[in-house]
Amino acid sequence: MRLSLAAPLVVAACLIAGACSGATAAPGTGAVELTVFGAASLKGVLERAVTVYEAAQPGVAITVSTDSSAALETQIEQGAPADVFLAADTTNPGKLVEAGFAWDEPVAFAGNELAVIVPKGNPAGLTSPADLARVGVKIVAAGNGVPITGYATQLVANLARQPGYPTGFVAAYAANVVSKEDNVKAVVAKIELGEGDAGIVYATDSAASGKVDRLEVPAGANVPATYAGVVVRASAHRDAAAAFLAWLAGPGGRAVLAGFGFLPAP
């Protein structure tokens, strides 16, 4: 298994070359080589999932590239060589299906929840998510179109309706956003480094980091996230790609996902 965080570089190389195959036989092995584009929040779990899958399917070799789901969706539309697209939402896979770039309907394979994180030790002294509206608090967020941004927007709206939360909470939160990152992993990294006071990320991201603390989200305010995948229409190995996606959504994949804190698909 090869893992890459530089999907845009892959796209550029392919555009320069003029064409790229979505999957090829690994040189000297005869194995089917699949390229999986995955949401940034799936990076760790995909490393493990691919290792498990390749061990069970020695005729398959998988390369993984991770970035925000929105960026990957755009890259696939622009001709990036991918066989499977795994997103942190259903919207971006749905776009590919609607535009004719993917087969069948998106397959939901995992769920998640959100977490409000602060740097280890909580130097800004935030006591609850209500403090996200406090004057001077520096919030690190993700950019428009990134799935975590949509989920976070819904969470902020839910929090604004909670007892004891200040009037104008939504606007005050927005005013405190000091940067918008390319993906959720970049948000986590900035909070780990203390470059912001708080950020909204996936629960699995906060659990995987030993450099952040969490603020408890009120019961009933959290937002469920649904992860879904599709087989890219340009794939030269549709059956092998579909088999991997089916495995990920099935008992074997669910076991690996659960080990990283992911929830069953809704």
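Above this note sits the structure.
Per chain, residues are indexed from 1 in the order of the written sequence. Totals for whole chains, interfaces and linings use every residue, but because this is a predicted model, local features are given only for residues with pLDDT of at least 70 and side-chain atom pairs only at 80 or more, for both listing and counting. Hydrogens and waters are ignored; side-chain quantities use all the structure's heavy atoms.

Asks: Where do I start with the sheet that holds strand S11 (residues 212-215) in this structure?
Replies: Hydrogen bonds along the backbone pair up the strands of a sheet, which may run parallel or antiparallel. If you trace the 5 strands from one edge of the open sheet to the other, you get S9-S8-S10-S7-S11, paired in mixed fashion. Across the chains shown, the open sheet's two edge strands, defined by having one partner strand only, are strand S9 (177-181) and S11. Going across the sheet, the axis of each strand differs from the next one's by a mean of 40°, ignoring polarity. When DSSP locates at least two bridges between a pair of strands, those strands are taken to pair. Numbering of helices and strands runs from the N terminus; a helix is a DSSP stretch of H or I covering at least four residues, while a strand is a stretch of E covering at least two. Inspection of the sheet shows strand S8 (residues 139-142) paired to S9 by 4 bridges, in the parallel sense. Paired with Val 140 across the strands is Ser 179, a residue of S9. Sitting on the sheet, helix H5 (residues 147-160) touches strand S7 (114-119), S8 and strand S10 (198-202), and the angle it makes with S10 is about 115°. Where helices are involved, their axes are fitted lines through C-alpha atoms of the stretch in contact, as for all axes, and angles between N-to-C directions lie from 0 to 180°. Contacts: residue pairs with any heavy atoms within 4.5 Å of one another.

Asks: Looking at this model, I keep getting lost on the pattern of salt bridges. Mind explaining?
Replies: Pairs may arise between side chains of opposite charge once their charged atoms sit close together. The working definition used for a salt bridge is a side-chain nitrogen of Lys or Arg within 4 Å of a carboxyl oxygen of Asp or Glu. Counted under the stated rule, the structure contains 5 salt bridges. Ionic pairing is found between Lys 190 and Glu 181, a salt bridge with its closest N-O pair at 3.3 Å. Exposure categories follow from relative accessible area, calculated using a 1.4 Å probe and restricted to protein chains: below 20% of the type maximum is buried, above 50% is exposed, and the middle band is partly exposed. Accessibility expressed as a relative area gives 24% for Lys 190, which makes it partly exposed.

Asks: I would appreciate a short explanation of H5 in the present structure.
Replies: Because an α-helix completes one turn every 3.6 residues, residues spaced three or four positions apart along the sequence face the same direction. A rise of 1.5 Å per residue sets the reference length of H5, with its 14 residues, at 20 Å; its end C-alpha atoms lie 20 Å apart and thus fit the reference within 8%. Where H5 is concerned, the buried positions are Pro 147, Ile 148, Thr 149, Tyr 151, Ala 152, Leu 155, Val 156, Asn 158 and Leu 159. What a helix is expected to span follows from its residue count: subtract one and scale by 1.5 Å.

Asks: Sorry, what's going on with the side chain of Glu 181 here?
Replies: When you line up the elements, Glu 181 lands in strand S9. Taking relative accessible area as the criterion, Glu 181 reaches 15% and is therefore assigned buried. Within the structure, the side chain of Glu 181 is placed 2.8 Å from the side chain of Ser 179, a separation counted as a polar contact. Glu 181 has contacts with Val 140, Ala 141, Ala 142, Gly 143, Ala 186, Val 187 and Lys 190, leaving out every residue within four places of it along the chain. Pairs of N or O atoms are called polar contacts if they sit within 3.5 Å, as long as, within protein, a hydrogen donor faces a hydrogen acceptor (for residues adjacent in sequence, only side-chain-to-side-chain pairs).

Asks: Help me understand the environment of Ser 179, please; the structure alone is not making it clear to me.
Replies: Relative to the elements of secondary structure, Ser 179 occurs in strand S9. Taking the C-alpha atoms as reference points, Ser 179 and Glu 195, separated by 16 residues in sequence, lie 9.7 Å from one another. Apart from residues lying up to four places away in sequence, Ser 179 is in contact with Ile 139, Val 140, Ala 141 and Lys 190.

Asks: Can you walk me through the packing of aromatic side chains in this structure?
Replies: Aromatic ring pairs are reported here in terms of the distance separating the ring centres and the angle at which the planes meet. The aromatic pairing rule takes the rings of Phe, Tyr and Trp, using the six-membered ring of Trp, and pairs them if the centres are within 6.5 Å, calling planes under 30 degrees apart stacked, those over 60 edge-to-face and the rest tilted. Per the stated rule, a full pass over the model turns up 8 aromatic pairs. For the pair Tyr 227 and Phe 262, a centre-to-centre distance of 5.4 Å together with 90° between the ring planes defines the contact as edge-to-face. Of this pair, Tyr 227 sits in strand S12 (residues 225-232) while Phe 262 is found in the segment after helix H10 (251-259), placing the two residues 35 residues apart along the sequence. Note on accessibility: Tyr 227 and Phe 262 belong to one class, buried. Three or more aromatic residues link up through ring pairs in this structure, and these residues are Phe 109, Tyr 151, Tyr 202, Tyr 227 and Phe 262. For the cation-ring pair, Arg 233 lies above Trp 103, with the distance from its terminal atom to the ring centre recorded as 4.0 Å. Working rule: Lys NZ or Arg CZ, within 6 Å of ring centre, within 35 degrees of ring normal, means a charge sits over the ring.

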